[in-house]
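Fold and contact review
Read off the chains here:
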Amino acid sequence: ETTTTKPLLSRFDLRAYGDGLYLRQNDVGADVAFDLRLTGSAPSPLLAGSVTVADGELRKEFALQDFVLAADDGGGGAAQPLDQALRPVGLDGLRFDVDVSVRDFRARAELPSFSLDALLRGDATVRDTIKAPRLAGAFGVEEGEINFPKARFEIVDLQVELPTGAPGTPASAAPPYYELKI
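The structure displayed is predicted, hence computed values, not measured ones.

**Description of the environment of Ser10**
On the secondary structure map, Ser10 appears in the segment before strand S1 (11-25). Residue classification places Ser10 among the partly exposed positions, given a relative accessible area of 47%. Linking Ser10 and Val89, residues 79 residues apart in sequence, is a C-alpha distance of 8.0 Å. Discounting residues that sit within four places of it in the chain, Ser10 has contacts with Gly40, Ser41 and Ala42.

This is how it looks when you write it as structure tokens:
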């Protein structure tokens with residue numbers, strides 16, 4: 001027997017904006033600016049607007065476990081899917097139309113046989129629903145290096161283009177395009 005409960009909220013008309021907000025969670029920190037609006041009725045209101053991430057940093061250590069690279073997620077066990085977590089407030093069908101801009105974001109990764117240090121930039125859009133979001137755009141490395149025990153490679157150019165498939169198409173259906181010059 002399945003029981004459904006009515007969400008706490010049924011209509012949304014909210015606007016949030018801010019600049020210079022520093023966010024940190026586990027291994028990630030960044031200055032964030034945003035201008036977002038949430039409008040519509042539960043369970044599928046629309047979150048639209050823009051988010052800018054700047055002067056950020058990600059540090060991650062990876063280990064080889066059973067021939068697979070793995071990293072500590074910093075969480076406390078298995079997480080509930082986001083759409084299910086948002087169901088009680090009427091956001092389980094949340095739709096997106098958000099532009100994301102990334103500037104001066106440093107990514108550092110330590111792997112068993114090498115390390116990576118790169119300064120990232122890029123622009124993307126997040127579309128579709130919270131159950132199957134679609135990220136489309138391009139990211140690149142402004143500068144970076146890959147360090148091996150006895151060699152160092154400077155990254156001259158790295159571009160990653162994310163898929164722009166049709167709405168509702170899973171991201172895995174159209175793999176990203178990569179180009180690396182060292």
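**Overview of the environment of Val53**
Along the chain, Val53 turns up in strand S3 (residues 46-65). Each C-alpha atom, one on Val53 and one on Val32, is 4.7 Å from the other, the two residues being 21 residues apart in sequence.

**Some points on the pairing of strand S8 (residues 151-155)**
Examined bridge by bridge, strand S7 (residues 133-148) and S8 share five bridges and lie antiparallel to one another. Looking across to S8, one finds that Phe148 is bridged to Ala151.

**A closer look at unusual backbone geometry**
Looking along the chain, the bond that leaves Ala42 and enters Pro43 is cis, with omega of 5°. With respect to the helices, strands and loops of the structure, Pro43 is situated in the loop between strand S2 (28-41) and S3. One non-glycine residue, Asp104, lies in the positive phi region at around 50°. By the element assignment, Asp104 lies in strand S5 (residues 95-110). Its identity is not glycine, yet Asp128 carries a phi of approximately 75°, on the positive side. Relative to the helices and strands, Asp128 resides in strand S6 (residues 115-129). What makes Asp128 buried here is its relative accessible area of 16%.

**Describing the pattern of salt bridges**
Any two side chains of opposite charge can pair, so long as their charged atoms come close to each other. The final tally for this structure, using the stated rule, is 13 salt bridges. The residue Arg152 makes a salt bridge to Glu145 at a minimum N-O spacing of 2.9 Å. Using a relative accessible area of 22% as the deciding quantity, one classes Glu145 as partly exposed. Three or more residues are tied together by salt bridges with common partners; here these are Glu57, Arg59, Arg106, Arg108, Asp117 and Glu143.

Conventions used here
Residues numbered from 1 in each chain as written. Predicted model: local features only at pLDDT ≥ 70, side-chain atom pairs only at ≥ 80, totals over all residues. Heavy atoms only, no water. Helix = DSSP H or I, 4+ residues; strand = E, 2+ residues; numbered from the N terminus. Buried < 20%, exposed > 50% of the residue type's maximum accessible area, 1.4 Å probe, protein only. Contact = heavy atoms within 4.5 Å. Pairing = 2+ DSSP bridges. Salt bridge = Lys/Arg side-chain N within 4 Å of Asp/Glu carboxyl O.

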